[in-house]
Amino acid sequence: MKPIELTKTEFIQKIGNVEADPKDWKYVGDKPCIVDFQAPWCGYCKRLDPILEEFAQTYEGRLDIYKVNVDKEEDLETLFNIRTIPTLLICKTDGTKELMLGTMPKHELKKIIEEKIL
């Protein structure tokens, strides 16, 4: 399995309706997820891609991993006030949501997944 690229419509269906309530939207997924706000021209994003692909396979069935191309989905970029990419949106099934910079080593992201998300 690979990270799934989302359009704004798909984001609303699979992650949550940020358009209806940008400040207090509810995560609608049935398992935790990571959403990678990225762009194909971004060097740091390109370095993160193979790590997220590996994690999508490693944690398949326990964690969903998505991508949002900020060049194509400017509305989502604006709603989440994305100023630096890659930015990761972490959503847990308990409703907790967190934005964090995605420029981190593989071992650090793995630790976050295993200790904070799963």
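As a starting point, this report considers the structure included with it. The structure presented is a predicted model; accordingly, all values stated were derived computationally and were not measured. (Residues numbered from 1 in each chain as written. Predicted model: local features only at pLDDT ≥ 70, side-chain atom pairs only at ≥ 80, totals over all residues. Heavy atoms only, no water.)

**Some details on helix H2 (residues 43–58)**
Taking 1.5 Å per residue, 16 residues should reach 22 Å; H2 reaches 24 Å between its end C-alpha atoms and fits that length. Where H2 bends most, the angle comes to about 25°, and this point is aspartate 49, followed within four residues by the proline proline 50. Buried residues in H2 make contact with strand E2 (33–38), strand E3 (64–69), strand E4 (87–91) and helix H4 (106–117). (Helix = DSSP H or I, 4+ residues; strand = E, 2+ residues; numbered from the N terminus. Expected span 1.5 Å × (residues − 1). Bend = angle between axes of the 7 residues up to and from the residue. Contact = heavy atoms within 4.5 Å.)

**Quick notes on the nonpolar core**
Ranked by internal contacts, the top residues of the largest apolar core, which has 21 residues, are Phe11, Ile15, Trp25, Val35, Phe37, Phe80 and Leu89. Looking at this core, the elements that each hand over two or more residues are E2, E3 and E4. Among the elements that make up this core, the one with the highest residue count is E2 (three residues). Beyond its immediate sequence surroundings of up to four residues, leucine 89 is in contact with Phe11, Trp25, Cys33, Ile34, Val35, Phe37, Phe80, Lys97, Glu98 and Leu99. In this structure, Ile34, Ala56, Leu109 and Ile117 belong to the second largest nonpolar core, which totals 17 residues. (Core = buried A, V, L, I, M, F, W, Y, C linked by side-chain atoms within 4.5 Å. Buried < 20%, exposed > 50% of the residue type's maximum accessible area, 1.4 Å probe, protein only.)

Remember, this is a structural readout, not a statement about activity or role.
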